[in-house]
Amino acid sequence: MTHANRIRVLNPVGEVKPHVLAAPALPSDLRGKTIGFLDNTKANFDRLVADMGGLLRERFGVKAVVLRRKANAATPAAKEILEELAKACDVVFAGSAD
Amino acid sequence: MTLRSEVLELADSADAVYAAFCERDWCDGLPIIPPTAERVEAMLASVAGDPEESLGPLPPLWREATLEKLAVNAVMAGCLPEYFPVVVGAVEAMLDPAFNLYGVQATTHPVAPLLILNGPYARAIGMHGGAGCFGPGFRANATIGRALRLILMNVGGGWPGRHDMATQGSPAKFCYAIAENEAANPWTPLHVGLGYAPDRSVVTVFGGEGPHNVNDHVSTAASGILNTVSDTAATLGSNVKWYLSQSQLLVVLGPEHAATIAADNFSKDDVKAFVFEHARLPLGKLKLGGMWGIQDWPRWMMAVTDDQALLPVVASPEEILVVVAGGAGKHSAVVPNCTFSRAVSRPLTRLRAHPFSTP
């Protein structure tokens with residue numbers, strides 16, 4: 001529709017349908033906690049995690065570190081891996097080395 | 001028809017509208033057709049469904065792919081209303097989980113969804129599968145392909161460097177849409193091979209790299225041409241082979257190459273078998289770079305120790321798709337996939353009555 005040298009056009013950007021997700025709060029203290037790492041398989045993530053796991057134990061009193069690896073970087077982690085990490089860990093870091 | 005999109009009032013000049021859309025990151029850098037309500041309504045009238053109907057949330061930002069938003073972007077791309085059912089069918093196909101659109105949108109790899117249209121609707125709307133089909137000059141190809149990209153950017157939210165993390169991108173990300181040249185195909189067209197009737201109109205999306213050229217000016221037998229195809233399909237830098245279970249190859253044979261191969265009494269399955277057996281790389285070469293060390297291979301391939309052993313780039317001949325497209329000349333193309341997306345096909349199911357031949 002055009003009015004006196006003006007044109008009315010529509011916004012092409014999509015809109016998000018609101019979703020409510022309930023996520024537990026992160027622990028304020030990592031002492032005695034179990035930390036998980038989800039390795040995306042890209043080069044050197046395993047080395048980074050080895051160092052981070054050591055630091056978490058030494059400096060923050062983390063009880064255990066669980067490392068799991070996806071089949072490859074391009075697909076989501078298997079349901080079994082996610083379920084295992086959710087069950088065993090208090091906090092999980094998703095790896096994104098590249 | 002009730003439209004829900006935000007309305008902007010702009011100066012009614014091509015320059016002003018173009019500038020306004022560029023400023024907002026709402027276009028691909030090229031001029032657009034202003035998406036007025038009248039144009040969007042005409043687009044929507046070509047498909048069954050309400051404007052607010054969503055085909056699903058489109059990654060990576062998970063915005064709803066409503067028919068209205070798809071239509072706004074199709075108008076901007078320059079689509080005629082009769083092109084819109086193809087755009088909608090392609091979005092439906094891309095939202096199949098097997099296509100892994102999140103990966104296609106967000107990866108550093110230069111992948112774009114290649115749209116292939118088969119069946120009578122391709123002919124009805126002038127979707128081109130002949131000379132220069134991957135290039136410019138054909139409104140249906142250019143605007144349908146562009147509409148998909150605008151949708152992926154504006155609805156999906158995949159902007160270069162911001163959610164679309166492609167290191168270099170690809171010219172194929174502007175527009176990547178062809179018809180199969182069914183008239184020049186000595187075998188069955190792609191959709192018939194997938195089990196659809198020849199008179200169905202079917203859109204296929206394939207998450208591929210740009211076309212890799214296959215120049216063979218000298219071979220007069222199937223084996224020669226397919227040796228060249230196979231060599232083109234097996235390169236260290238391409239994604240296929242590193243994640244073997246997800247690797248697919250699309251072989252786009254030019255009509256002259258296809259005729260030569262068929263004259264040797266090769267079936268399409270023979271083509272696939274030959275390429276599967278010959279598109280291989282020696283273990284020693286695979287060790288030189290690429291994704292060596294982080295590959296995802298079956299146990300038997302991981303156990304190979306002979307550097308001379310020739311390893312396949314796809315898991316089986318069935319992972320090789322063969323279509324015929326192009327015009328005169330001795331060129332074909334190989335389109336390797338991104339290895340995290342499988343080809344998906346959908347019949348056009350939302351067509352409303354139109355002035356063309358019945359699909």
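Look up a bit, the structure's there.
What comes next concerns the included structure. (Residues numbered from 1 in each chain as written. Chains lettered and ligands numbered in written order. Predicted model: local features only at pLDDT ≥ 70, side-chain atom pairs only at ≥ 80, totals over all residues. Heavy atoms only, no water.)

Observations concerning the pattern of salt bridges
All names here are of chain B.
Part 1: All told, the structure shown has 18 salt bridges over all chains when counted by the stated rule.
Part 2: The salt bridge involving arginine 346 is made with aspartate 96; its shortest N-O contact spans 2.8 Å. Placement of arginine 346 in strand E15 (residues 344–347) and of aspartate 96 in the loop between helix H4 (84–94) and helix H5 (101–106) is noted, with a sequence separation of 250 residues between them.
Part 3: Residue arginine 346 is classed as partly exposed on the basis of its relative accessible area, which comes to 27%.
Part 4: Where lysine 330 meets glutamate 256, a salt bridge forms, and the shortest distance between an N and an O atom there is 3.2 Å. A residue pair is termed long-range when its members are at least 10 positions apart, and lysine 330 in the loop between strand E13 (320–324) and strand E14 (331–336) and glutamate 256 in helix H10 (residues 255–263) qualify at 74 residues.
Part 5: Residue lysine 330 is classed as partly exposed on the basis of its relative accessible area, which comes to 29%. (Salt bridge = Lys/Arg side-chain N within 4 Å of Asp/Glu carboxyl O. Helix = DSSP H or I, 4+ residues; strand = E, 2+ residues; numbered from the N terminus. Buried < 20%, exposed > 50% of the residue type's maximum accessible area, 1.4 Å probe, protein only.)

As for the interface of chain B and chain A
Part 1: Taken together, the contact between chain B and chain A spans 35 residues of the former and 24 residues of the latter.
Part 2: When the two sides are added together, the surface that chain B and chain A hide from each other amounts to roughly 2800 Å², 56% of it contributed by carbon and sulfur.
Part 3: On the chain B side of the interface with chain A, the three residues burying the most area are Glu9, Asp12 and Ile294 of chain B, jointly 20% of the side's total.
Part 4: Our enumeration of links across chain B and chain A arrives at 2 salt bridges. (Contact = heavy atoms within 4.5 Å. Buried area = accessible area lost by both parts, 1.4 Å probe.)

Looking at the sheet that holds E13 of chain B
By way of backbone hydrogen bonds, the strands of a sheet pair with one another, either parallel or antiparallel.
Residues and elements named next belong to chain B.
Part 1: Judged by pairing direction, the sheet is mixed, and its 4 strands sit side by side in the order E9-E14-E10-E13 without closing on themselves. With partners counted over all chains shown, the strands left at the sheet margins are strand E9 (212–215) and E13, one partner each. Looking at each pair of strands side by side, their axes are set apart by 20 degrees on average, direction ignored.
Part 2: In this structure, strand E10 (residues 249–253) lies alongside E14, joined through 4 bridges in antiparallel fashion. When the sheet's bridge partners are listed, leucine 249 is paired in E14 with proline 336.
Part 3: Against the sheet, H10 makes contact with E9, E10, E13 and E14, and its axis sits at roughly 95 degrees relative to E10, the strand it touches most.
Part 4: On the sheet, helix H11 (residues 268–278) packs against E10 and E13 and is oriented at approximately 130 degrees with respect to E13. (Pairing = 2+ DSSP bridges. Axes fitted to C-alpha atoms, helices over the stretch in contact; angles between N-to-C directions.)

Purely geometric numbers; function is a separate question.
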